[in-house]
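Tertiary structure, described
Residue-level listing of the chains:
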Amino acid sequence: MSSTENPRMIRCPTCRKPVPWTTEQLFKPFCSERCKLIDLGEWVMEEKRIPGESLPLEDENQEDSFFQ
Ligand SMILES: [Zn+2]
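Below is a short write-up of the structure. Quick caveat, the model's predicted, so the values are computed rather than measured. (Residues numbered from 1 in each chain as written. Predicted model: local features only at pLDDT ≥ 70, side-chain atom pairs only at ≥ 80, totals over all residues.)

**Some details on the environment of Ile-38**
Inspection of the secondary structure assignment puts Ile-38 in helix α1 (residues 33-49). The class of Ile-38 is partly exposed, set by 16 C-beta atoms lying within 10 Å. In this structure, the C-alpha to C-alpha distance between Ile-38 and Thr-14, residues 24 residues apart in sequence, is 7.3 Å. (Helix = DSSP H or I, 4+ residues; strand = E, 2+ residues; numbered from the N terminus. Buried ≥ 20, exposed ≤ 12 C-beta atoms within 10 Å, placed from the backbone.)

Written out as structure tokens, the structure is:
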């Protein structure tokens with residue numbers, strides 16, 4: 001009897017390529033570092049697209065004059 005190890009297959013969320021779920025797969029659930037970065041990049045873009053949060057620049061100015 002021989003037991004063959006069948007790694008679990010998942011799909012890369014970025015390119016939909018089948019990826020074996022093994023310890024060698026450093027970028028799981030992504031197939032590669034590139035796909036991981038693409039996914040992170042998209043996430044950051046989504047965050048930046050949300051309007052409304054403006055930095056309180058006036059506060060900074062007040063602090064500046066305080067130190068003078
Ligand atoms: Zn991929």
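Now, onward.
**With respect to unusual backbone geometry**
The omega torsion of the bond from Lys-28 to Pro-29 falls at 0°, within 30 degrees of zero and hence cis. Mapped onto the fold, Pro-29 is located in the loop between β2 (18-21) and α1. Positive phi outside glycine occurs at Arg-16, with the angle close to 70°. Take Arg-16: it is sitting in the loop between β1 (8-11) and β2.

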